[in-house]
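# Topology and contacts: notes
The chain contents come next:
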Amino acid sequence: MTDLASYNFAYLDEQTKRMIRRAILKAIAIPGYQVPFASREMPMPYGWGTGGVQVTASIVGPDDVLKVIDQGADDTTNAVSIRAFFQKVASVAVTTHTKDATIIQTRHRIPEEKLAANQVLVYQVPIPEPLRFLEPRETETRKMHALEEYGLMHVKLYEDIAHNGRISKTYAYPVKVAGRYVMDPSPTPKFDNPKMHMSDALQLFGAGREKRIYAVPPYTEVVSLDFDDYPFEIQRFGKPCALCGAEEVYLDEVILDDKGGRMFVCSDTDHCEDRRAHGHAGEMLAPNQEAAE
Amino acid sequence: MSLKTEVPKNDVLAGGFAEPVFHAQSVFKLMMDAMARPGTIQTVAPDALPPAPLGVASGAIALTLCDHDMPVWLSSGLAKSAVPQWLGFHTGAPVTPEKAEARFAFVEAGTPVSSFGLFAAGTQEYPDRSTTVVIELADIEGGRKLALMGPGIKTVTDIAPLGLPDTFLRLWTENRALFPRGIDIVLTSGSRFICLPRTTKITATEM
Amino acid sequence: MYVAVKGGEAAIANAHRLLADRRRGDRSLPAIGIDQIVAQLALAVDRVMAEASLYDRTLAALAVRQSRGDMIEAIFLLRAYRTTLPRFGYSKPVDTARMKIERRVSATYKDLPGGQLLGPTFDYTHRLLDPSLLTDEAVEEPTLRDAETGRVMRVSEILAQEGLIEGDGEMPEDHEIGDLTREPMEFPMTRDLRLQALARGDEGFLLALGYSTQRGYGRNHPFTGEIRIGEVEVEFDVPELGFAVSLGTIQVTECQMVNQFKGSSKAPPQFTRGYGLVFGQSERKAMSMSLVDRALRAEELGEDITAPAQDEEFVISHADNVQSTGFVEHLKLPHYVDFQAELDLVRRMRNEFEANRIGGDDTIKEAAE
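Residues numbered from 1 in each chain as written. Chains lettered and ligands numbered in written order. Predicted model: local features only at pLDDT ≥ 70, side-chain atom pairs only at ≥ 80, totals over all residues.

With that settled, the discussion passes to the interface of chain C and chain A. On the side of chain A, 43 residues touch chain C, which itself brings 39 residues to the contact. When residues of the side of chain C that touches chain A are traced back to their parent elements, those giving at least two are helix H1 (8-24), helix H5 (71-84), helix H11 (321-329) and helix H12 (336-368) of chain C. A total of ten residues in the side of chain C that touches chain A trace back to one element, the largest contributor, which is H12(C). (Contact = placed C-beta atoms within 7 Å. Helix = DSSP H or I, 4+ residues; strand = E, 2+ residues; numbered from the N terminus.)

A word on H1(C). Residue and element names in this part refer to chain C. Between its first and last C-alpha atoms H1 spans 25 Å; for 17 residues at 1.5 Å apiece the expected length is 24 Å, and the two agree. The buried count for H1 comes to zero of 17 residues, which makes it a mostly uncovered element. At the exit of H1 stands Gly25, carrying a positive phi of roughly 70 degrees. (Expected span 1.5 Å × (residues − 1). Buried ≥ 20, exposed ≤ 12 C-beta atoms within 10 Å, placed from the backbone.)

The subject of this paragraph is the interface of chain A and chain B. Taken together, the contact between chain A and chain B spans 29 residues of the former and 28 residues of the latter. Listed by contribution, the elements that provide at least two residues to the side of chain A that touches chain B are helix H1 (14-29) and helix H4 (138-146) of chain A. Counting residues per element, the side of chain A that touches chain B draws most heavily on H1(A), which supplies ten residues. Class assignment of the residues belonging to the side of chain A that touches chain B gives a composition of 17 nonpolar, four polar and eight charged. (Nonpolar A, V, L, I, M, F, W, Y, C, P; charged D, E, K, R; others polar.)

Okay, the sheet that holds strand S3 (residues 104-107) of chain B next. All names here are of chain B. Here we have six strands laid out as an open sheet, ordered S1-S8-S7-S4-S3-S2, and mixed in their pairing. Of all strands in the sheet, those bounded by a partner on one side alone are strand S1 (42-43) and strand S2 (72-74). The sheet contact formed by S1 and strand S8 (residues 192-196) spans two bridges and is antiparallel. Within the sheet, the bridge partner assigned to Gln42 lies in S8 and is Phe193. With respect to the sheet, helix H2 (residues 20-36) is in contact with S1 and S8, its orientation differing from that of S8 by roughly 45 degrees. (Pairing = 2+ DSSP bridges. Axes fitted to C-alpha atoms, helices over the stretch in contact; angles between N-to-C directions.)

The next point concerns the nonpolar core. Counting 120 residues, the largest nonpolar core has A:Ile24, A:Ala27, A:Ile213, B:Met31, B:Val72, B:Phe104 and B:Phe106 as its most contacted members. Top contributing element to this core by residue count: H2(B), with nine residues. Counting 55 residues, the second-largest nonpolar core is a separate cluster that includes C:Leu77, C:Leu78, C:Met99 and C:Met289. (Core = buried A, V, L, I, M, F, W, Y, C linked by C-beta atoms within 7 Å.)

All names here are of chain A. Here seven strands make up an open sheet; going across it, the order is S1-S9-S8-S5-S4-S2-S3 and the pairing mixed. Unpaired on one side and paired on the other, strand S1 (35-36) and strand S3 (93-94) mark the two borders of the sheet. In this structure, strand S2 (residues 65-70) lies alongside S3, joined through two bridges in parallel fashion. Residue pairing in the sheet places Val65 in a bridge with Ala93 of S3. Against the sheet, helix H2 (residues 50-59) contacts strand S4 (103-107), strand S5 (120-124), strand S8 (202-207) and strand S9 (212-216), and its axis sits at roughly 150 degrees relative to S5.

Okay, the packing of helix H7 (residues 191-199) of chain C against helix H9 (residues 283-296) of chain C next. All names here are of chain C. Two elements in contact, H7 and H9, have axes whose closest approach is 10 Å; the angle formed by their N-to-C orientations is 150 degrees. Taken together, the axes of H7 and H9 are roughly antiparallel relative to one another. Handedness of the crossing formed by H7 with H9: right-handed. Contacts between H7 and H9 involve Arg194, Leu195, Leu198 and Ala199 from the first element and Met289, Val292, Asp293 and Leu296 from the second. Split into classes, the residues belonging to the contact of H7 with H9 amount to six nonpolar, no polar and two charged. (Parallel < 35°, antiparallel > 145°, perpendicular 65-115°, else oblique. Left-handed = near helix turned anticlockwise from the far one by under 90°.)

For the rest of this paragraph, the subject is unusual backbone geometry. It is generally the case that most residues other than glycine have a negative phi and that most peptide bonds are trans. Note the cis peptide between B:Ala52 and B:Pro53, where omega equals 0 degrees. Examined against the element boundaries, B:Pro53 turns out to sit in the loop between S1 and helix H3 (56-65). Its identity is not glycine, yet A:Gln71 carries a phi of approximately 60 degrees, on the positive side. Along the chain, A:Gln71 falls in the loop between S2 and helix H3 (77-90). Overall, the presence of 25 C-beta atoms within 10 Å leaves A:Gln71 in the buried class. Here A:Tyr219, not a glycine, exhibits a phi torsion of approximately 50 degrees, which is positive. Looking at the secondary structure, you find A:Tyr219 in the loop between S9 and strand S10 (222-224).

Residues and elements named next belong to chain A. Listing the buried residues of helix H7 (residues 269-277) in full gives Thr269, Asp270, His271, Cys272, Asp274 and Arg275. In this structure, the buried residues of H7 make contact with strand S12 (262-266). Once H7 ends, the next one or two residues include Gly279, with phi positive near 95 degrees.

The subject of this paragraph is the arrangement of the chains. Contacts between protein chains span two pairs of chains, and they are most numerous for chains A and C. Of all C-alpha pairs spanning chain B and chain C, none lies closer than 10 Å, and the two are not in contact.

Before going further, it helps to examine the pairing of S2(A). Note on strand geometry: in a regular strand, side chains alternate between the two faces of the sheet. Residue and element names in this part refer to chain A. In terms of burial, S2 is a largely internal element, five of the six residues being buried. Following the backbone out of S2, through H3 and into the adjacent parallel S3, one traces a crossover that is right-handed. Strand direction decides the pairing type here: S2 and S4, joined by five bridges, are parallel. Residue pairing for S4: Ile69 is matched across the bridge by Thr106. (Right-handed = clockwise from strand over helix to strand, strands pointing away.)

Residue and element names in this part refer to chain B. The side-chain alternation of strand S5 (residues 146-149) yields one buried face, formed by Leu146 and Leu148, and one unburied face, formed by Ala147 and Met149. One ladder, built from three bridges, connects S5 with strand S6 (residues 157-159); its direction is antiparallel. By the bridge assignment, Leu148 is partnered in S6 with Thr157. Alignment of S5 against strand S9 (residues 201-204), held across four bridges, turns out to be antiparallel.

What follows is the structure, encoded as structure tokens:
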């Protein structure tokens, strides 16, 4: 019986890494364009981050420091599972501190901390095609991208306004990259869209099941689609984080009891912990703050 | 550059990565940074020693990215040297005389380039299926200053490669007109290189 | 006071331990042996090999045991393992005409060279639960005869002798056989890649699609020309030796459907074909595969595409159960950030609705006063 338990560094064989690396380089050269690649079955299911994992596995080296988040948190089960996977197959150093990471693999959030030039953000993408729910056929959507024909998307946004009085896309909000390709930023809340624009960091996107890789180089224009009279707006929360008092960050709703009690806390757990470590406190942690002042 | 008719064995069998897994990763990381930040000079630690006249950086790039799925085009001096066998042995990459079939092309220093048009530029639906052209130069600095702008560059990045073909700027403008199709270029000199993805706008700053 | 929940790592570790415990179950019962699974749950093992695209009975049985009998989980395990294996190349096409046949039936002829050989089939059993299987009662020895070796003529060859059936699947001269596992999927697909996708496709999905064609959703008048099950030799060309080397034999199930004839003013009518080939003994899958193969040739054969089974992008994109289970089940992953975004929007819209409604009521009230 073959040795079941011996794997190449970072799990993927070198031929697969080369194939993905070539795709990454072309993706960087054509910002926002979805490069097809021959995705491999990974030890976690399709839909659970295999695209992000394959991208990370192809770029990670022994000197990297890896952070993995899901919904902004390091401790959600799938983030824990993926981080453990890379510790096992790459013996890579891991961290929960955004500032210390060189590679950040993420699902559904962009960290609140502004990213630096030595960092790569790897997004897990379920459906890479922004037009998919308007047109199920890949043969058709590929043509639309080829001809820069995005009328279908504009019609859909316009119809939203007609029906709902506003554009009703709240996550996976489509963007135009470097003035050419319309791209799906992955199901990050539209709140995070502005962070993609002119970032110091390289952003890579991996969709394993759909077999696509795309990229936004640093310092690249990323513009959320909108209309002059209905400009793009991010979500705003009524109150700051109940734990650390942060404003202008994305908050999670936590249900406290069965009487409708709820509070809002930072989705980005590292950001919240960091603030609290530096003495910031929100109303949950310092209810007497105001009284003392 | 010498023509070889009898290929010494050690030219072909030697000169690959000592630690393929980690060296390929480190060279790829340099390539990725270089494509993401066009005009930044990257230096390959000289582990790969390809046969002359292929340079160290070009050889490292070949070892990192080429394999049997990727036909390679070589300019004539390279094609007549030990390079085809070296490539075959270390990467399995087939050498092709057809520029349009090649996914990677290596051009030795001093080769006049009349057109990029014969290389694969991809299709409108699959612009990624294009050749990456690696051009060896006399030096990565010391030539005429060029200003680069575009994705990956915050404002402007200057480069001054020495030994670019005279036709280069014109050919690059023609390449850019094809966007999203087009080739992508790596300029190498010894163990250093710069990447120019097709999105980069190049202007000469001095006449 | 709210304390941020931590402990995802501990939760996962505990879940894995609980799973291992449940998998083993009652410790007073003997553990199921891999060899028992291979021998006594052979058809489960065969299905796992087929859809994982990896022919190894022991590993497939291990996957069945590890997955606690969840077939798709077992298929996933084995498919993921397949990805890690080094590839040496491609075998020569197996010659099913030279199969050592264990079962061979044809619906198109009453009798034919090689005969109708029922083999170990459920077909004519009465589906009555058998209480003797509750205990370990002795099983009779079967009646055996010498294996059919050498070349057993195919039904398609019989029809071909009179020119009644189209040729055996042609590709253009310069066509290189594709490899589904090495290239990203692209539509439209050539038949070789489609068949690869169907061979590893989910049995249930293909069964339903095949069934739909029989009920009129793209009907193509199928007759089972032939089903044969048995061992075929796998040969590998070794250039340095200059000849092919046998790697051993594998069991496969092959189904040739004879379908709706097609002719034109230029060419007299011929029957058309659908093809199915699967690892192990899996007739249902081979038959379903051949029905869907034929349906997907609609465009090639100049038929109107009207039914789901004829829609190549639809069928092929959704046939792989490793992909489909991954994505369906991923809905269990936290989505609260996106849900939060939706909550925010819906609350906002409801507030606006209320505000407008109250404003409207006030207007009515004013008018009434």
